[in-house]
Amino acid sequence: MLRKKDIFALLIACAALPLGAQTQPASSGRPAAEPSLKERFEDLGLIYQDKQSKGLQELWVLGRYHGHYHDTSGVGRSDTGLESRRVRLGFQARMIDHLTIHAQAISGSDFEPAYNGFTELWARWEFNPALQLTVGQQKHRFTHDRNVSSRYMSFMERSMFTNMMGLDYTPAVTLSGRVGKLDYYAGVFTNQAGTDMWEAFTELHSGSSALAAFTYDLGKLGGADSAAFYGSYLHSDAKPGATNLTRFDDAVSGALILTEGPLALVTEVTAGFGGAKGDAIALNLQPSLFLTDKLELVTRYQLASASLTGGLRSQRRYESPAGLPAGEHYQATYLGLNYYVAGHRLKLLTGMEHARMNGRDAFTLFAGVRMFFGPHSNAPYPGNKLLKGIW
């Protein structure tokens, strides 16, 4: 397990990187405004950039660290621990105007094992902004909840329903792009991932899945500052030995994402059909409010129901170890405060969540630190976005 002093040392080292890289501004009649910590962290991980080059045009080092503390009380059982939840390291290179190569290795929980395969390992060719072809291990972007990178998440964990579906990263061939106000992403994925990447790419016996997703910019719908709709569809033909996308044969989701001043509201409905454990449907509501530019109040309400006994599985982390069983009816309420030290680059998360499955309860207290370096990605709120606070 990562010791507390190691976590502090890591954060201090990360904070020092951009500080040492700053150059003094040219002398002028007035002193230059001191850049914020968020601004100093903006290009953290950028090693090389020359957009006019005919060869290598951009090179980033990628890294991510998420440290979590939790204390969960269930019915006659409890679970407490400090965990290095996500540890990733890799690189991203862009060259000859069209080609991007991305590789990101991952460690297991608490660095056990130190190498636990790759989350992403792909090459992308951009024909134009409307058409990009990506081949390699990629993310399952089913649901808005899953599409938002863990770098930008406002909660300690994604929703129960999202986590239950077995969404992760597997080898795939996808097409993506932007046409007007529409962003799309679609492709075919295998249903198995592992630490041996050669095996993952060549031994394709686990079945396959088709996934399609889109984001449509709704502009200022209803007078909101921003509005977007995210829709996705998944069909899975899982075979014996499949490790991912095994819960449902088919699934659909739709999310409306609104922001207005310091307020945001994400409303998502997800439904799954078929599979050994029957059909299920879930509602995920996420209202949030920026009290200041750095302090955010977040809430979440989940409600889910399944057609068969044991059709819903409680959160594998926290809830299951504390004795919350599988069931047919689930609801959970989350309340938290997040502090953005340097935007999403470095932030502190705290929260508490009450979950109930078939009349049995679990209550969890959370605290965590999250940091990353590397290029930003884009998605509807909260993907790489912060709002202006009340004060």
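Let me begin by describing the structure that accompanies this report. (Residues numbered from 1 in each chain as written. Predicted model: local features only at pLDDT ≥ 70, side-chain atom pairs only at ≥ 80, totals over all residues. Heavy atoms only, no water.)

A separate point is unusual backbone geometry. Cis geometry marks the peptide bond from glutamate 112 to proline 113, where omega comes out at -5°. With respect to the helices and strands, proline 113 occurs in the loop between strand E4 (99-106) and strand E5 (118-128). Even without being glycine, phenylalanine 111 reaches a positive phi, approximately 65°. Along the polypeptide, phenylalanine 111 turns up in the loop between E4 and E5. Of note, tyrosine 318 is a non-glycine position whose phi angle comes to about 75°, a positive value. In this structure, tyrosine 318 sits in the loop between strand E14 (295-306) and strand E15 (329-340). (Helix = DSSP H or I, 4+ residues; strand = E, 2+ residues; numbered from the N terminus.)

A few words now on the pattern of salt bridges. According to the stated counting rule, one finds 10 salt bridges in the structure shown. One salt bridge connects arginine 317 with glutamate 83, and the closest N-O pair in it is separated by 2.8 Å. Of the two residues, arginine 317 is situated in the loop between E14 and E15 and glutamate 83 in strand E3 (residues 78-95); the sequence distance between them amounts to 234 residues. With a relative accessible area of 18%, arginine 317 lands in the buried category. On the basis of relative accessible area, glutamate 83 is assigned to the buried category, the value being 11%. Salt-bridge contacts for arginine 300 lead to glutamate 353; the nearest nitrogen and oxygen are separated by 3.2 Å. Remark: glutamate 353 occurs in strand E16 (residues 346-357) and arginine 300 occurs in strand E14; sequence separation between them is 53 residues. Across the pair, exposure class does not vary: arginine 300 and glutamate 353 are buried alike. (Salt bridge = Lys/Arg side-chain N within 4 Å of Asp/Glu carboxyl O. Buried < 20%, exposed > 50% of the residue type's maximum accessible area, 1.4 Å probe, protein only.)

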